[in-house]
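Here's the letter readout for the chains.
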Amino acid sequence: SPAPGLYEIHQAHAFGYVTADGRYLVSGDLIDMQSGARLTDQRRNQERLQSVLEQAGNAIVFAPPPGQARQWVTIFTDVDCHYCKLLHKEIDAINDAGIGVRYLFFSKDGKPSQAFEEAQKVWCDVDRQGVLSTALLTGKLPRRAAGACPNPVESQYELAKAMGLRGTPATILPDGSVLYGFVKAREFVKQVDEHPAR
């Protein structure tokens, strides 16, 4: 680790520090008292960002107009989440500000649950983006929503749990930090700009 005599250890997204002889374990965050830098948070953010980028190919994407993307975020959403619905109403304004959104699923009721099954139906539809928008904006899946197919919903749920996410919407900002809950588009863009990719 950056601290002499301590070595960083981590399992999934849990971090700790041990002495060189392995005898003592420090369970907590490392902070540089000179600079104020929260070193463990920085490492946790890096791990979180790497994990969500590995899921990027399994995301439902809402992109800015061509050539205007300046930052990307990943939002863990739940089709039955009230605040996820409010945030999705801001998606056009977010995209117009040059922020691309990758949606992953995290059903607050766990698995199995109705929300978990609905997320699978969204993924299995030929028009994932349209069905997700309909579900988030109206609270209902279109009647034509597909049945079962191979899908990443369970792996996304497990990833969110491993990262210790506490609810939805949970936005992974460009630097890997987390923004919880609903904010209007202007504040959302401000938060993204204050946490740029490193």
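S.K.: Which residues make up the overall build of the protein chain, and what values go with them?
M.R.: Scanning the protein chain from N- to C-terminus turns up seven helices and eight strands. The dimensions of the protein chain, computed from C-alpha atoms along their principal axes, are 60 × 35 × 25 Å. Across the 198 residues of the protein chain, 45% fall into the buried class. If you take every contact in the protein chain between residues at least 6 apart in sequence, the share linking residues at least 24 apart comes to 65%. Separation of charge centres in the protein chain, based on 22 positive and 23 negative side chains, amounts to 4 Å.

S.K.: Could you give an account of the side chain of Thr171, naming the residues involved and the relevant values?
M.R.: For Thr171, the position within the fold is in strand E7 (residues 170-172). Those residues within four positions of Thr171 in sequence are excluded, and the remaining contacts are Val73, Thr74, Ile75, Leu87, Ser177, Val178, Leu179 and Phe188.

S.K.: I'd like to hear about the sheet that holds strand E6 (residues 99-105), residue by residue, with values.
M.R.: The sheet built from five strands is open, its strands ordered E4-E6-E5-E7-E8 with mixed pairing. Two strands bound the open sheet, and with one partner strand each, they are strand E4 (60-62) and strand E8 (178-180). For this sheet, the mean inter-axis angle between neighbouring strands, taken without regard to orientation, is 25°. Where strand E5 (residues 71-77) meets E6, seven bridges bridge the pair, whose relative direction is parallel. Bridge pairing in E6 links Thr74 to Arg102. Seen against the sheet, helix H7 (residues 185-194) touches E5, E6, E7 and E8 and runs at an angle of roughly 120° to E5.

S.K.: So what's going on with the packing of aromatic side chains? Residues and values would help.
M.R.: Under the criterion given, the structure shown has three aromatic pairs. Seen in terms of ring centroids, Phe106 and Tyr157 are 5.7 Å apart; in terms of plane orientation they differ by 40°. Their pairing is tilted. Pair noted here: Phe106 is in the loop between E6 and helix H4 (114-124) and Tyr157 is in helix H6 (residues 153-162), with a separation of 51 residues, a long-range link. The exposure classification of Phe106 matches that of Tyr157, with both residues buried. Between the aromatic rings of Phe116 and Tyr157, the centroid separation amounts to 6.1 Å while the plane-to-plane angle is 85°, which identifies the pairing as edge-to-face. Within this pair, whereas Phe116 is found in helix H4, its partner Tyr157 is found in helix H6, the two being separated by 41 residues in sequence. As far as the burial class goes, Phe116 and Tyr157 line up, both buried. Connected via pairs of aromatic rings, a cluster forms that spans Phe106, Phe116 and Tyr157. Arg128 extends its terminal NZ or CZ atom over the ring of Trp123, reaching a point 3.6 Å from the ring centre.

S.K.: Just give me the short version of the pairing of E6, but keep the residues and values in it.
M.R.: Of all seven residues that make up E6, seven are buried, and the element is covered over most of its length. When E4 meets E6, the two strands line up antiparallel, connected through three bridges. In the strand pairing of E6, Ile60 is matched with Tyr103.

S.K.: Describe the state of the cysteines, listing the residues and the values that go with them.
M.R.: In the structure shown here, the tally under the stated rule is one disulfide. For Cys124, the disulfide goes to Cys149, at an S-S distance of 2.0 Å. Judged by the torsion about the S-S bond (-95°), the Cys124/Cys149 disulfide is left-handed. In this pair, Cys124 is assigned in helix H4 and Cys149 in the loop between helix H5 (128-138) and H6, connecting sequence segments 25 residues apart.

Rules of the game
Residues numbered from 1 in each chain as written. Predicted model: local features only at pLDDT ≥ 70, side-chain atom pairs only at ≥ 80, totals over all residues. Heavy atoms only, no water. Helix = DSSP H or I, 4+ residues; strand = E, 2+ residues; numbered from the N terminus. Buried < 20%, exposed > 50% of the residue type's maximum accessible area, 1.4 Å probe, protein only. Contact = heavy atoms within 4.5 Å. Lys, Arg positive; Asp, Glu negative; His and termini not counted. Charge placed at Lys NZ, Arg CZ, Asp CG, Glu CD. Pairing = 2+ DSSP bridges. Axes fitted to C-alpha atoms, helices over the stretch in contact; angles between N-to-C directions. Phe/Tyr/Trp six-rings, centres within 6.5 Å; stacked < 30°, edge-to-face > 60°. Lys NZ or Arg CZ within 6 Å of the ring centre and 35° of its normal. Disulfide = S-S within 2.5 Å.

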